[in-house]
Number of protein chains: 2
Amino acid sequence: MTFNTEEAPGVHTDVPSETEGFVFNHTMVRIVDPEASLAFYSKVFGMRLLRKVDMPEGEFTLYFLACTGNDDVPEDKDARAKYVNGREGVLELTHNWGTEKDPQASYHNGNDEPQGYGHICFTVPDLQAACEWMDANDVAFKKRPEDGRMSHIAFVLDPDGYWIELVGRK
Amino acid sequence: MTFNTEEAPGVHTDVPSETEGFVFNHTMVRIVDPEASLAFYSKVFGMRLLRKVDMPEGEFTLYFLACTGNDDVPEDKDARAKYVNGREGVLELTHNWGTEKDPQASYHNGNDEPQGYGHICFTVPDLQAACEWMDANDVAFKKRPEDGRMSHIAFVLDPDGYWIELVGRK
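This is a predicted model, so every value here is computed, not measured.

Superposing chain A onto chain B requires a rotation of 180° together with a translation of 0.0 Å along the rotation axis, leaving an RMSD of 0.0 Å. Read as a symmetry element, the transformation amounts to a two-fold axis. When C-alpha distances to the rotation axis are compared across chain A, the minimum falls at A:Gly89, with a value of 2.5 Å. Mapped onto chain B, 100% of the interface residues of chain A are again interface residues, and the two copies thus contact each other with one and the same surface.

With that settled, the discussion passes to the UniProt feature "active site" (unreviewed entry) in chain A. According to UniProt, the feature "active site" (unreviewed entry) maps to A:Glu165 in the numbering used here. The topology assignment puts A:Glu165 in strand β8 (residues 163–168). Apart from residues no more than four positions distant in its own chain, A:Glu165 is found in contact with A:His119, A:Ile120, A:Cys121, A:Phe122, A:Ile153, A:Ala154, A:Phe155, B:His26 and B:Glu92. Polar contacts involving the side chain of A:Glu165 include one to the side chain of A:His119, which spans 3.0 Å.

Residues and elements named next belong to chain B. For helix α3 (residues 127–136), the full list of buried residues reads Leu127, Ala130, Cys131, Trp133 and Met134. Looking straight down α3, one finds that the buried residues subtend no more than 155° of arc, so they occupy a single side. Of the surrounding elements, those touching the buried residues of α3 are α1 (34–44), β5 (117–124), β6 (141–143), β7 (153–157) and β8 (163–168). Where α3 begins, the side chain of Asp126 points an oxygen toward the backbone nitrogen of Gln128, at a separation of 3.0 Å.

Moving on to the UniProt feature "binding site: Zn(2+)" (unreviewed entry) in chain A. Those residues carrying the UniProt feature "binding site: Zn(2+)" (unreviewed entry) are A:Glu92, A:His119 and A:Glu165 in this numbering. Within the fold, A:Glu92 resides in strand β4 (residues 90–96). A:Glu92 gets classed as buried once you look at its relative accessible area, which sits at 4%. Excluding residues within four positions of it along the chain, A:Glu92 makes contact with A:His26, A:Thr27, A:Met28, A:Val29, A:Leu62, A:Tyr63, A:Phe64, B:His119 and B:Glu165.

The next point concerns the sheet that holds strand β1 (residues 23–31) of chain A. Reading across the sheet, the 8 strands line up as β2(A)-β3(A)-β4(A)-β1(A)-β5(B)-β8(B)-β7(B)-β6(B) and stay open at both edges, with mixed pairing between neighbours. Every interior strand has two partners, whereas the edge strands, β2 (48–55) of chain A together with β6 of chain B, have only one. Across the sheet, the mean angle separating the axes of adjacent strands is 25° when strand polarity is ignored. Judged from the 6 bridges that link them, β1(A) and β5(B) form a sheet pairing that is antiparallel. Paired with A:Phe24 across the strands is B:Phe122, a residue of β5(B). Most of the contacts of helix α1 (residues 34–44) of chain A go to β4(A), to which it runs at about 165°, and overall it touches β1, β2, β3 (60–66) and β4 of chain A.

As a further point, take the domain arrangement of chain A. All names here are of chain A. Examined at the domain level, chain A breaks down into domain 1 (24–100) and domain 2 (116–170). Look at where the C-alpha atoms of domain 1 and domain 2 centre, and you get two points 21 Å apart. At the interface, 15 residues of domain 1 touch 15 residues of domain 2. It is Phe40, Val44 and Phe45 in domain 1 that bury the most area against domain 2; as a group they hold 41% of the surface buried on that side. On the surface where domain 1 and domain 2 come into contact, there are 0 salt bridges. Per-element tally for the side of domain 1 that touches domain 2: the top contributor is α1, with 6 residues.

Thresholds, definitions, all that
Residues numbered from 1 in each chain as written. Chains lettered and ligands numbered in written order. Predicted model: local features only at pLDDT ≥ 70, side-chain atom pairs only at ≥ 80, totals over all residues. Heavy atoms only, no water. Least-squares fit on C-alpha atoms with pLDDT ≥ 70 in both. Contact = heavy atoms within 4.5 Å. UniProt positions renumbered as here; feature names shortened; annotations may be inferred. Helix = DSSP H or I, 4+ residues; strand = E, 2+ residues; numbered from the N terminus. Polar contact = N/O pair within 3.5 Å; in protein donor to acceptor, adjacent residues only side chain to side chain. Buried < 20%, exposed > 50% of the residue type's maximum accessible area, 1.4 Å probe, protein only. Arc of directions from axis to C-beta. Pairing = 2+ DSSP bridges. Axes fitted to C-alpha atoms, helices over the stretch in contact; angles between N-to-C directions. Domains from an automatic or database assignment. Buried area = accessible area lost by both parts, 1.4 Å probe. Salt bridge = Lys/Arg side-chain N within 4 Å of Asp/Glu carboxyl O.

The structure is reproduced here in structure tokens:
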């Protein structure tokens, strides 16, 4: 197997054996209202809620979701946790208890100042159809395909205002 | 196939057909110095740089990396772009040209105020071995396994100060 990679300053051209089996498992963002976010990600993006971890000592709950496609997801809770830990493409939503009742609560999206984090992205089979689906669910757009130069991508906003990119597979 | 999911307010228990084929493809963060970040992610986490997209009009470059394991990654550039777009677990690093020469340049990690984005996480075969590998590469720890209550996880910092969680598969 060759190491098919772009070349750029800094890039190692061999995978160190010490990193064998490393899996880029999940991305975590904080959310104000779990009911709104779970409805959004499970309906609009078809993600399954695969794990829910209550942490009463810290007064927060973690929700782990993924697009599971045709995967045979284990029913058993422990087996499901292993499945979630072992796969890529997991979204972790952190809910600090009580924020959903605080009208002042909000999180920083990373694109307003101070910048850092940018977005998550979903590849979709058909960008136009996906945008119609977003509209049917009253999802707010940051950028429609026809806005600006890049017609092959769109950006929508999740309930907390985090940016989500949509890229068509075609 | 049953829809194996946790129950929680807001969660849809069916995957809408409109979301079929949706893939949680990537997570984007901005980086100050591509050479430092590419060295870090390609060496310390064994990620391959699979795509590099220069955008001279906007004066930025996008770098797409993933842990490709035993995947047969296409050599051909277009085929490789399709491969990258179709998979989960991609990390996109955005470099705005010139930041690497600006000693004041820095990005917000999302965990200091104002909070929002939290971290990315890698599942590793053996947490202890992974931590030794981090130490061998002089990676800064935010939390070692023995710090605090949760001995099954660690947090390290990437070159921009973004948090990276490590979870052992065992």
